[in-house]
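Examination of the molecular architecture
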Amino acid sequence: MRSNHAAMFFGRILSNSSFKFSTFAIASPHYQSFLVKPRFNFDNLTHQIRYFSPYPRFDFGSIREPNDAVALFREMVRTQPLPYASVFSTLLSTVVKMKQYSLALHLIDEMLQRDVPVNHYILTIAIDCYCRQKRPDFGFAILGIFFKRGYEPTVVTFTTLIKGLLLVGRVPEAAKVLKKLLVLQLCEPDERTYNTMINGVCKAVGSLHALELLCLLEKEKGICKPDVYSYTAVIDRLCKEGKVNDALQLFSSLGDKGISPNVVTYNSIIEGLCKRRRMDEAEDILKKMIADKVCPNVVTCNIFVTAWCKDGKVQEAEHMLVSMKEIDVQPNIFIYATLINGYCMQGKMDEARRIFRLAVNSGIKPNINCYNSLMVGYCKKGQVDEVSRLFTIIPYQRLERNVVSYNIMLEALFCDGKCEDGLKLFKEMEALQVSPDIRTYNVLIEGLCINNQVRQAKDHFDDLSSKGMQPNVITYTILIGALCEAGQIEEAKDLFDELSSKGMQPDVITYTILIGALCEAGQIEESKDLMMQMVNNGCLPDSVTYNVFVQGLLKRNKMHDAMPLLEEMDSKGFTLDETTFSMLIEHVVREGRDSVLFDKIKKLVPNDLFSMRSNHAAMFLARILSNSSSKFSTFAIASPHYQSFLLPIFHFDNASCQMKRRFSAYPRFDFGSIREPDDAVALFREMMRTRPLPFDILFNKLLGAVVKMKQYSLALHLFDEMLQRDVPVDHYTLNIAIDCYCRHKRPDFGFAILGIFFKRGYDPNVVTFNTLVKGLLLVGRVPEAAKVLWKMSVYRLCEPDERTYNTMINGLCKAGGTLEAIDLLCTLEKEKGICKPNVYAYTAVIDGLCKDGKVDDALQLFSTLGDKGISPNVVTYNSIFEGLCNRRRMDEAQDILKKMIANKVSPSVVTCNIFVDAWCRDGKVEEAEHMLVSMREIDVQPDIITYTSLINGYCMQGKMDEAINIFLLTVNSGIKPNIISYNCLMNGYCKKGQVDEVSHLFSIIPYQRLERDVVSYSIMLEALFRDGRCEDGLKLFKEMEARQVSPDIRTYNVLIEGLCINNKVRQAKDLFDELSSKGMQPNVMTYTILIGALCEAGQIEEAKDLFDELSSKGIEPNVITYTILIGALCETGQIEEAKDLFDELSSKGIEPNVITYTILIGALCTEGQIGEAKDLMTQMVNNGCFPDSVTYNVFVQGLLKRNKMLDAMPVLEEMDSKGFTLDVTTFSMFIEPVVKEGRDSVLFDKIKKLVPKDLFSR
């Protein structure tokens, strides 16, 4: 749209040449358009020299994606004369390297249609693309174009066609082409042709035919002899077919043929040996390789690492990293991923994480396989939170979660009983178009089954065929097992029978599950038949199958039928499992000691059986199997202890534990096991059922645990039930009840409890009154709290202690009575015989003063503490820091910090958070981040508040990569990000217009066990509306209401603004009118948004009415509200009314800002009121509001429109002195008089100075 000509044209205007401008030049549309919106960026002189080159230089290196290639192609076909065919072939080769074969063919097709010159290279590229797309027939069709255009197909052309035929397995046709080349002498096949043929034959039909071809080439004279690549292809194929010995034989013959094997040849042999676990031979070949001076490469090392890891020798595999360093071979991601996976499979997660970090520190970015391996490892260990953490951070590493990632996460969720979360994730997976595979469905079906949702699992199984998915034997086995467990044997049998009709063979697990279920159902004969069928089908029973079957027989008292199976187990080396063993022992004890059976059991007992139980149990059973003549009495058999052992349920850690439980008057109640309210209720019910009832101290302990969980209503409910059931309560119990009422902000009910004190003969103590005082202060009833304190002293109800006064002082400060707190402090200092104020009392007052903004008073009080013999603690210092930092007095805060450290008071995490937050608010986020290093040095762990402040700091600066790095650092430090962390990231991406990122974060919040709050929804709404997705925004707002997330006024502001920017002002106004009915009061921002929208829509009168409504609602308009309306009035020519509104600002105590002044100055200039505009500009400066570049440009334009060039000159001088530049419009207006009037050196020099450097780049 622009040319170098424009740049040259303007370069001459501003040069020192004596070029004169004709009227034609000024009137030229090309010139005018350039003046208005210059668009081109001329990087350097070389770029401009291209104007004189017959062909432009095309930057093929800049092609990063298909769109770049298409754009460059369009540029090339527009160029006249057209570039040479070689230039087009370079472009096409680049596209082929990107594997965009369809695109390359599309471009070639367009070239042919447009008569763009093509040569035999381009036609060969077309053939290659068709062959790579497995359409060699289309490749042969291209030969017609060769002959039509007079080109001879070369050996490269035919080699490409042969390769294409081999790729689709058409070996005979490929051989036919090769034969024709020789017979018809179309061209001379070269080494590459034969290598292609041999490699293709290997892959398509196997090593045997390739060997025949190899032998033929060796014998024939006058044709190319096979080289190392041919032999390597055959050796590789032999190894892949498992014929490693044949491969070794061929390998050993290479020396006799005068061929030196290369690194690929060695790698093929080594891989073949490693896969057959012939590691010693592989290592011998490696030694030979090094002796032959063939350097192992990273692939060689990968092969060994993979093999050792598969053998469980991960430490040996890791040692390869050292060896690689010695031979100067850099490990790649595959090596690290293999090691990570090796350690994960062994459950050594710390080692796996160490290798992961080693990869990162080596500058290698872990791939999705590394993350998947770690997730599998943690999943196997049941560490679901770790799996979830890794799953969460994958997208932040610019990696795509694949089907394996989702499968692992699903498995972890289902195993942890989070069925609903699992189903949600499965839906998300489908929504994100990650295609589930059969393993996904197996995980899903098994997850539903283990969570007792067998019917839903069966529905998913039935839907598989409609989704184009075929269940495998594992799918059937999972569902058969679940149906059996649910007692639906017949349905399980039907499913089992279905396997053979689908051409699938059940495995040993499938048979065993069904045999066990049939035995459980009493269908012993059918179990026998199934076991016979199993053997006949070549699926041999294992130890589990035999144990399951024997257990089924024993349950039906079929010992006679079990004996042959025990014989069979013995002959096959199988042993009894614990359950079978217990059942057989029970039979021995019940029926008497049968020597044959007894000897059989002894043989089948596994050596490690006794390690599964306590020593007591082991000794007990050892006696059964010993040669002693001990007989078992009826009592012993009937013993509950013995019976419980036979069907073991409980695990007793040691003898002392049992002794305590048996001889204690009361059972031990495990208060430490209380994790949630239901646990507390269950334990309370257990205590209430215990006879005799536990002591009151135990009930107090339970209530204390409930209060710690902040479940005050529950504690009061339990307390009430205790009173109703006459459970013993003491003064501690009653104090807990008072505390709960006070925390509920009902101190009146707390005072009512005093009646129970007196009724039960308890005297309220100082703790009771302290709690009541605190309760009154919590609800702001300061005079009543003071009265209670006074009564405690006057009536000598009890002696107030330090805590009483601290509570009173702290309560006064929080209620806004800092002065009263200081008075009380002074009284305590002067009075004798009462508690002196301690550090907590002074800290409360200092904190109150800081929060009231009286930081200097706080500092003065702080400085007196030493004289009073009081050492400030970390909380005191933190209060001072926060006060100073909130006032941006950072230097003083840092001086106090130095004093704190000098006084040997260690900074806490709160101290660090105060500084981090202050620096972030000042925009010094890097300085704030450095605090993490300082915290490490003083052994203070950052918490979620530290990290969230840093995340928010970077987000506010738009540095999203840094914010994400801090987020990942949080996760890697073992700290779970909270909803504020996610909201900060969402807000940062929203400000940058990256809606997809906002949406992604919004969608993953629930999977992190976090609740989206009103802020999350408000940010998501803002992002959608800014992106023009109005309907999606409205849908989300409805979803928000449906999920009972109450919108606040900010949400409505976002919604109203979103509707307005999407031209739905009427809908926005209707929503505004409904606010009061929703119990929501609009604020000044709400009015400002709507006034702005109405003005933009030209509805000025309605905007004015809304503005007038503000005062009646008790809302004061701000400078933005005024500026918007003044701007709208100016734009519609209502200049006098705009001036009146402007004058109103000072009467309301509102200072106009630079935008307000600029708008009015511009309007006055447009109306020709230049003098008034000048006065307003003077007034602006006098009021301390300095004009900016826009103000000056607007004023100059107004002067130029009135031909007041003389008046404009001093303004230009002022602009120059302040470093301001001309905008495009002002610049254009100056160029015109220069051309008309002739070149005046003063004006011209002034313009040159004021022209911005980047004017031409816009």
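Residues numbered from 1 in each chain as written. Predicted model: local features only at pLDDT ≥ 70, side-chain atom pairs only at ≥ 80, totals over all residues. Heavy atoms only, no water.

This model, assessed by the stated rule, comprises 58 salt bridges. Linking R170 and E173 is a salt bridge whose minimum nitrogen-to-oxygen distance equals 2.7 Å. Among the salt bridges present, the one from R398 reaches D961, with a minimum N-O distance of 3.4 Å. Taken together, the residues R398 in the loop between α23 (384-393) and α24 (403-415) and D961 in helix α56 (residues 960-972) connect sequence positions 563 residues apart. In this structure R398 comes out as exposed when scored by relative accessible area, which is 66%. Given a relative accessible area of 46%, D961 falls into the partly exposed group. When salt bridges that share partners are traced, they join R74, E110 and R114 into one network. (Salt bridge = Lys/Arg side-chain N within 4 Å of Asp/Glu carboxyl O. Helix = DSSP H or I, 4+ residues; strand = E, 2+ residues; numbered from the N terminus. Buried < 20%, exposed > 50% of the residue type's maximum accessible area, 1.4 Å probe, protein only.)

It is worth spelling out helix α18 (residues 298-310) at this point. Between its terminal C-alpha atoms α18 stretches 18 Å, which fits the 18 Å expected from 13 residues at 1.5 Å a residue. Of all the residues in α18, the buried ones are T300, C301, N302, I303, F304, V305, A307, W308 and C309. Buried-residue contacts for α18 involve α16 (263-275), α17 (279-291), α19 (314-326) and α20 (333-345). If you check the start of α18, you find a side-chain oxygen 3.1 Å away from the backbone N of V299, and it comes from N297. Downstream of α18 by a residue or two, G312 has a phi angle that is positive, lying close to 80°. (Expected span 1.5 Å × (residues − 1). Contact = heavy atoms within 4.5 Å. Polar contact = N/O pair within 3.5 Å; in protein donor to acceptor, adjacent residues only side chain to side chain.)

The next point concerns the confidence of the model for the chain. Per-residue pLDDT for the chain has a mean of 82; in total, 87% of the residues score no lower than 70. Here residues 1-55 is modelled with pLDDT under 50, and outside its nearest four sequence neighbours on either side it reaches 68 contacts, counting other chains as well. Segment residues 610-666 is flagged for pLDDT under 50; beyond a separation of four residues in sequence, or across chains, it makes 45 contacts in the model. (pLDDT = per-residue confidence, 0-100.)

Buried residues of helix α62 (residues 1065-1074): V1065, A1068, K1069, L1071 and F1072, and no others. What you see down the axis of α62 is that its buried residues fit within an arc of 160°, all on one side. Against α61 (1049-1061), α63 (1084-1096) and α64 (1100-1112) lie the buried residues of α62. (Arc of directions from axis to C-beta.)

The next point concerns a nonpolar patch on the surface. Residues L182, V183, L184 and L186 make up a contiguous nonpolar surface patch of roughly 370 Å² in combined accessible area. The residue L182 is located in helix α11 (residues 171-183) in this model. Exposure remark for L182: the relative accessible area of 37% places this residue in the partly exposed category. (Patch = residues over 30% accessible without salt bridge, like charges linked within 9 Å, V, L, I, M, F, W, Y side chains within 5 Å. Areas by Shrake-Rupley, 256 points an atom, 1.4 Å probe, with all protein chains shown as cover.)

Our focus in this paragraph is the packing of aromatic side chains. In total, this model carries 23 aromatic pairs according to the counting rule given. The interplanar angle of 70° and the centroid separation of 5.7 Å between the aromatic rings of F426 and Y441 together place this pair among those described as edge-to-face. With F426 in helix α25 (residues 419-431) and Y441 in helix α26 (residues 438-450), the pair connects residues that are 15 residues apart, well separated along the chain. This pair shows no difference in class: F426 is buried, exactly as Y441 is. Summarising the aromatic geometry, the rings of F1072 and Y1087 are spaced 5.0 Å apart at their centres and angled 80° between planes, so their arrangement reads as edge-to-face. (Phe/Tyr/Trp six-rings, centres within 6.5 Å; stacked < 30°, edge-to-face > 60°.)

To continue, consider the packing of α23 against α24. Where α23 meets α24, the axes come as close as 10 Å, and the angle between the chain directions of the two elements is 150°. With respect to α24, the axis of α23 lies roughly antiparallel. Handedness of the crossing formed by α23 with α24: left-handed. Residues V384, V387, S388 and F391 of α23 lie in contact with α24, whose contacting residues are S405, Y406, I408, M409 and A412. Along the lines of polarity and charge, the residues of the contact of α23 with α24 split into 7 nonpolar, 2 polar and no charged. (Axes fitted to C-alpha atoms, helices over the stretch in contact; angles between N-to-C directions. Parallel < 35°, antiparallel > 145°, perpendicular 65-115°, else oblique. Left-handed = near helix turned anticlockwise from the far one by under 90°. Nonpolar A, V, L, I, M, F, W, Y, C, P; charged D, E, K, R; others polar.)

So, about unusual backbone geometry. Phi at R277 is positive, roughly 60°, even though this residue is not glycine. Positionally, R277 belongs in the loop between α16 and α17. Look at R277 and you get partly exposed, because its relative accessible area is 45%.

Bringing the packing of α11 against helix α12 (residues 191-205) into the picture now. At a closest axis distance of 10 Å, the pairing of α11 and α12 adopts a crossing angle of 165°. Viewed along their axes, α11 and α12 adopt a mutual orientation that is roughly antiparallel. The handedness of the crossing between α11 and α12 is left-handed. Across the interface between the two elements, V171, A174, A175, L178 and L182 of α11 pack against T193, Y194, M197, V201, A204 and V205 of α12. The residue inventory of the contact of α11 with α12, partitioned by class, reads 10 nonpolar, 1 polar and no charged.

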